[in-house]
Amino acid sequence: MGDRNRREFLIETGFTIGGAALGSRLFAENRTIKPDLMAPETESTPANSPVGVSLPRTSESEARNAADRGKMRGLMVDAGRVPESLEYYRRVIDFCANWELNTLHFRLADDQGSALRLTSVPHLVTHKNAFAPEQLSSLAEYGQTRGIELIPELESFGHTGYITRSAAYAHLLDSEAQGPSDFTGVIPVHPETVQIFRELYREVAAIFPSIYLHGGCDEVNWGGSELSRKALQTKTRAQIWAEYLNSLNQIAAGVGRQMIVWGDFVLHKEPEVLGKLDKTIIIMDWNYQDHSSARIRETLLKVGANGNRGIGAPGLVHYKWGPRVGTEQLRNIDGYADAYLEEADPNALGVILTNWVPSRYVQNSIWDGFAYAAVAFKDGTGAAQTSAFRRFVERHYRADWNEDWSEAFQIIYDAAPSIQESPMPFRTELPLQVPWNSDEQLAAALRVGSSRQNPFTRLRSLLIQLEPLVLKNLADFQAFALCVEALQRMFWRDAIVIEQAAKKPLERETTDLLIHAIAERDQTLADALSKDWDKGRFPDSAAKSEFVFDFEPKDQFLLGWVQAAKYSASLVGHPERFHRILETAKQA
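Attention in this report is confined to the structure presented alongside it. (Residues numbered from 1 in each chain as written. Predicted model: local features only at pLDDT ≥ 70, side-chain atom pairs only at ≥ 80, totals over all residues. Heavy atoms only, no water.)

## A word on the environment of Ser 85
Piece 1. With respect to the secondary-structure elements, Ser 85 resides in the loop between β3 (72-77) and α3 (86-98).
Piece 2. In the structure, Ser 85 is positioned 449 residues away from Asp 534 in sequence and 9.6 Å away in space, judged by C-alpha atoms.
Piece 3. Leaving out residues up to four positions away in the same chain, Ser 85 has contacts with Gly 536, Arg 537 and Phe 538. (Helix = DSSP H or I, 4+ residues; strand = E, 2+ residues; numbered from the N terminus. Contact = heavy atoms within 4.5 Å.)

Right, here's the structure in full:
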């Protein structure tokens, strides 16, 4: 207990995480003030208010509203990876409407399967809990009643395992000529490929009334199949790319839809493709590392100079993060909001916040991130940096803002664990990890030799104090607190075994008590996460209880804790093994 109090004291007195004091990165801009010192929130202009002939230049906010009125401001849901309940999707639509967003980008399929029970092409890989066409048609209609346009995305080049993992279409799987790749792709020059999408686009267009149809086409792996190699003998990759995307665009136009494609290849990896594309194709640019609105704007200008239009796509949860994202993702949102919404550029259609792989996070624990994006998109990044989290607390939780709320958001964004992309010997950031669930993983944790500071201990104590203030959406607050508890517990497990392994002598009675204590806490947490999952996701979802195709362990937060609880329970049955692992680490 003394060790825990010491950690809390270090946090309270400004001890650093990642080389910077807690809170110093969250409100990083020079114009930003701490949110507890802000002026009261004012009501923003409704998206459907009348626009006069001329707009007085009375404020930055009014000028912005005139410039971006009618532009897309939206969120994305990744049903293609993990379908969630229709009730949850309706909540997302309601959230969009309440926060003056107007678009919901709905991903229908990915390598893991299709979240829509498609009938025009038989034998596709379909999620167990996939939706009937009438269910998603009804969801789109509900969106219309709330002023929210649902844009469907159907992967059409890469991420097409929902097609090629089926035995009926395995012959359409392409590969990278240079060897294995993390990504998939269909053979773009196979005549059956285009025919499949002719049928699928017609079916999807009949369900979703949006004028847009997103065809995906990012992270593509192709070129190794016999047909592709033959085609590459007479044409360049850029020519084949462009011809294939143009053929998809013609199919989309044939069903009255404007085609959207991701921009990673056509803008960044193989930019020579861009000049060969039909000018009606819309490019959706995602780059989750860039914070510079100038660089993002430069990419948008390149799109416009080619005669195309663009949509900005910053990221919330993506491959780098687990259940929570760090401050740098707020800056990524800022960069795209400034680049795509600050100027009245007819080629900038708007901004949609992407959010990937729902099993990475506790479902209702990230509304604050959506709220930050909503404020940045509607009222500007200055307003978001100074007031987004206060607005969220006051509107979503109906709670009074105070310094504890301010500190809580500072900690959660500053301390979010992430994948360490460039390992350094003295790195202090918290690494993204899964709770150890095998002898090998436990031994690896012990080899670290010293425990990292655990900022989530302080954060949990703050949330306990704040819960009585929450008058609305208490279940969402509890989901947030559950996420924090899981993060705190993950790093506590490492710290406590390292601490005990260092003791001399290492007493068997102590290690027996320790593994019992760990196992009990693991099971309680796994049960709580499972119960939370069932509230808004399908209880029999594959992502809940089994390893999903092409997912990494970090992509299944709940399953990681289920595996950890099973392992610690097994050590309770064999406490001598746990003692031996700690003893071996001590001798190393």
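## Observations concerning the packing of aromatic side chains
Piece 1. As enumerated under the stated definition, the model contains 31 aromatic pairs in all.
Piece 2. Between Trp 286 and Tyr 288, the ring centres sit 5.1 Å apart and the planes meet at 35°, which makes this aromatic pair tilted. With respect to class, Trp 286 is no different from Tyr 288; both count as buried.
Piece 3. Among the aromatic residues, ring-to-ring pairing joins Tyr 88, Tyr 89, Phe 95, Trp 99, Phe 106, Phe 131, Phe 208, Trp 367, Phe 370 and Phe 538 into one connected group.
Piece 4. Against the face of Phe 549 rests Arg 165, its NZ or CZ located 4.1 Å from the ring centre.
Piece 5. The cationic tip of Arg 395 hangs over the ring face of Trp 99; the distance from NZ or CZ to the ring centre is 3.9 Å. (Phe/Tyr/Trp six-rings, centres within 6.5 Å; stacked < 30°, edge-to-face > 60°. Buried < 20%, exposed > 50% of the residue type's maximum accessible area, 1.4 Å probe, protein only. Lys NZ or Arg CZ within 6 Å of the ring centre and 35° of its normal.)

## A short note on helix α12 (residues 367-379)
Piece 1. Taking 1.5 Å per residue, 13 residues should reach 18 Å; α12 reaches 18 Å between its end C-alpha atoms and fits that length.
Piece 2. Among the 13 residues that make up α12, 13 are buried, leaving the element largely enclosed by the rest of the structure.
Piece 3. Positive backbone phi, approximately 100°, marks Gly 380, located one or two places after α12. (Expected span 1.5 Å × (residues − 1).)

## Details of the environment of Pro 188
Piece 1. Within the secondary structure, Pro 188 sits in the loop between α5 (161-164) and α6 (191-207).
Piece 2. The exposure class assigned to Pro 188 is buried, which follows from its relative accessible area of 6%.
Piece 3. Taking the C-alpha atoms as reference points, Pro 188 and Ala 231, separated by 43 residues in sequence, lie 9.8 Å from one another.
Piece 4. Filtering out sequence-adjacent residues up to four positions away, Pro 188 remains in contact with Phe 157, Asp 174, Trp 222, Ser 228, Ile 240 and Tyr 244.

## A closer look at the packing of helix α16 (residues 455-466) against helix α17 (residues 474-501)
Piece 1. With their axes 9 Å apart at the nearest point, α16 and α17 run at an angle of 155° to one another. Between α16 and α17, the crossing angle belongs to the class labelled roughly antiparallel. Where α16 crosses over α17, the handedness of that crossing is left-handed. Taken together, the residues of α17 that come into contact with α16 (itself represented by Phe 456, Thr 457, Leu 459, Arg 460, Leu 463 and Leu 466) are Phe 477, Phe 480, Ala 481, Val 484, Glu 485, Leu 487, Gln 488, Arg 489 and Phe 491.
Piece 2. Classifying every residue of the contact of α16 with α17 by side-chain character gives 10 nonpolar, 2 polar and 3 charged. (Axes fitted to C-alpha atoms, helices over the stretch in contact; angles between N-to-C directions. Parallel < 35°, antiparallel > 145°, perpendicular 65-115°, else oblique. Left-handed = near helix turned anticlockwise from the far one by under 90°. Nonpolar A, V, L, I, M, F, W, Y, C, P; charged D, E, K, R; others polar.)

## Description of the packing of helix α14 (residues 403-414) against α16
Piece 1. Here α14 crosses α16 at 150°, and the two axes come no closer than 10 Å. Pair α14 / α16 crosses with left-handed handedness. Contacts between α14 and α16 involve Asp 404, Trp 405, Glu 407, Ala 408, Ile 411 and Ile 412 on the former and, on the latter, Pro 455, Phe 456, Arg 458, Leu 459, Leu 462, Leu 463, Gln 465 and Leu 466.
Piece 2. For the contact of α14 with α16, the residue count by class is 10 nonpolar, 1 polar and 3 charged.

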